[in-house]
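For reference, the chains in residue letters:
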Amino acid sequence: MSPHPVYIKNIVVEGLPEPQPRVKAFVKGAHASVYTPKGPWQAWAQRVYLCSGGAPQPPHDGPVRLDITYRMPMPASMPKRLQIDGSLCWRKPDIDNLTKLVMDQLQARGWYTDDGRVAILFERKVYSRMPGMHITITQLESGSHDICDTVDPDILTAATRKLRGLGIEGKI
């Protein structure tokens, strides 16, 4: 039985995706404290928050599926022949740090009561000439079952097909 969507929303956020840094700990005298370092991630978090409005109220308290595509800038060192929009990005930043920030902002915006409600998560990083992110939030019915019988249509991207055509798939 495939999950039945209760509500679906597509969100596009333009700009450079920034990861949320790990919490840092320090000791001062006899006291230990933790803090999150400041940085460009704060502006990105605000942008994600502002772009993710429109959550139905009250916040969803059931299972949620998130599909997230991070569009990362192509490195200057990348050969021109490999600069293909949609090709997989396998360099920093770590995808889990990118996703934690997004999940926290979606929760703050009221898409779900707790980020523990995310039961299904598809995430990918691809290179793009237009950095940003695309999120699809699907709120599911309670009691939904596995979705393993469905295939994500974006798995075989145009970039992968082009790499095959160039004969360089798997050699990067």
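Everything that follows concerns the structure shown earlier in this document.
Residues numbered from 1 in each chain as written. Predicted model: local features only at pLDDT ≥ 70, side-chain atom pairs only at ≥ 80, totals over all residues. Heavy atoms only, no water.

Right, let's get into the pattern of salt bridges. Under the definition given, this model contains eight salt bridges. Two residues, R22 and D96, come together in a salt bridge whose shortest N-O distance is 3.0 Å. Note that R22 is positioned in the loop between β1 (5-14) and β2 (24-28) and D96 in helix α2 (residues 95-108), a separation of 74 residues in sequence. Judged by relative accessible area, D96 falls into the partly exposed class, the value being 40%. With a closest N to O distance of 3.0 Å, K100 and D104 form a salt bridge. Here K100 and its partner D104 are both found in helix α2, four residues apart, which amounts to about one turn of the helix. Through salt bridges that share partners, K100, D104 and D115 make up one connected network. (Salt bridge = Lys/Arg side-chain N within 4 Å of Asp/Glu carboxyl O. Helix = DSSP H or I, 4+ residues; strand = E, 2+ residues; numbered from the N terminus. Buried < 20%, exposed > 50% of the residue type's maximum accessible area, 1.4 Å probe, protein only.)

Taking 1.5 Å as the rise per residue, α2 with 14 residues should run 20 Å; its terminal C-alpha atoms sit 20 Å apart, in good agreement. Of the positions making up α2, those classed as buried are N97, L98, T99, L101, V102, M103, Q105 and L106. Where α2 is buried, its residues contact β1, α1 (41-51), β4 (64-73), β5 (118-128) and β6 (132-140). (Expected span 1.5 Å × (residues − 1). Contact = heavy atoms within 4.5 Å.)

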